[in-house]
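Structural overview
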Amino acid sequence: LIVDAHSFSSKPLPHEPDQSPNRPDICIGTDSFHTPHALSDLAMKAMKDQGFTVEKDRPFSGSIVPAKYLNNDRNVSSVMIEVNRSLYMNEDTGQKIAVFDDVKMRIQHALLAICQ
């Protein structure tokens, strides 16, 4: 299982295809070959259970898989978890905000649920 983790801006950047200003707290990115539906459903549920708004493949899609296994080994599962930066930081200064530790804990709980 590969958990491809990233963060994203709360406002669309000029180069991003999805320019909708309404962004979720968490984006679950999937790959049609390497992300079984049960895995994406579990990731969505785990994040929702922690109180996050979640969307699948929006504003980003896909998940990293090493080239050696890409589209040829179904034993390699992958899911991308993107976190909206506004949840844990002041995007103008890059400083953590007061709820940083709470957000970190909630994401950790969700990851544990996904990995079990």
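What counts and what doesn't
Sequence order as written defines residue numbering, which begins from 1 separately in each chain. Thresholds applied to this predicted model are a pLDDT of at least 70 for local features of residues and 80 or more for the giving and counting of side-chain atom pairs; totals over whole chains, interfaces and linings are not thresholded and use all residues. The side-chain quantities take in all heavy atoms of the structure and omit both hydrogens and water. Two aromatic rings, drawn from Phe, Tyr or Trp (for Trp, its six-membered ring), form a pair once their centres lie within 6.5 Å of each other, and the interplanar angle then sorts them: stacked below 30 degrees, edge-to-face above 60, tilted otherwise. Secondary structure counts use DSSP, requiring at least four H or I residues in a row for a helix and at least two E residues in a row for a strand, with both numbered from the N terminus. Distance and angle both matter: a charge sits over a ring if NZ of Lys or CZ of Arg is within 6 Å of the ring centre and within 35 degrees of the ring normal. Two strands are counted as paired when DSSP detects at least two bridges linking them. Throughout, an axis means a line fitted to C-alpha atoms (over the contacting stretch in the case of helices), and angles, computed between N-to-C directions, take values from 0 to 180 degrees. Working rule for contacts: check all heavy atoms of both residues, and any pair within 4.5 Å makes them a contact. Residues are said to line a cavity or pocket when one of their atoms sits within 4 Å of a point; the points come from a 1 Å grid over protein atoms alone, cavities being sets where a 1.4 Å probe fits but cannot get out and pockets being open sets with protein on both sides within 12 Å along at least five of seven lines. Grid points are joined across faces, edges and corners, and a volume is the space filled by probe spheres set on the points. Just so you know the grouping, Ala, Val, Leu, Ile, Met, Phe, Trp, Tyr, Cys and Pro go in nonpolar, Asp, Glu, Lys and Arg go in charged, and all remaining residues, Gly too, go in polar.

What follows concerns the packing of aromatic side chains. What the rule picks out here adds up to 2 aromatic pairs. Ring plane angle 70° and centroid distance 6.1 Å describe the contact between Tyr88 and Phe100, whose orientation is recorded as edge-to-face. In this pair, Tyr88 sits in the loop between strand E4 (78-84) and helix H2 (100-115) while Phe100 sits in helix H2, placing the two residues 12 residues apart along the sequence. Seen from the ring of Phe33, Arg74 lies directly overhead, with NZ or CZ sitting 3.8 Å from the centre.

Within the open sheet, the 4 strands sit side by side as E1-E4-E2-E3. Their pairing is mixed. Two strands close off the open sheet at either side, each with one partner strand: strand E1 (2-8) and strand E3 (54-56). When strand polarity is set aside, the average angle formed by the axes of neighbouring strands in this sheet is 20°. Sheet topology places E1 next to E4; 7 bridges connect them, and they run parallel. Of the residues in E4, the one forming a bridge with Ser7 is Val83. Where helix H1 (residues 37-49) meets the sheet, it contacts strand E2 (26-29), E3 and E4, and its direction lies at approximately 165° from that of E3.

Here the largest pocket is characterised by a volume of approximately 160 Å³. Considering the residues around the largest pocket, the lining is formed by Val3, Ala5, His6, Ser7, Ile81, Val83, Tyr88, Phe100, Val103, Lys104, Ile107 and Leu111. Of all the secondary-structure elements, those providing two or more residues to the lining of the largest pocket are E1, E4 and H2. When residues in the lining of the largest pocket are grouped by element, the largest group, 5 residues, is from H2. Class assignment of the residues belonging to the lining of the largest pocket gives a composition of 9 nonpolar, 2 polar and 1 charged.

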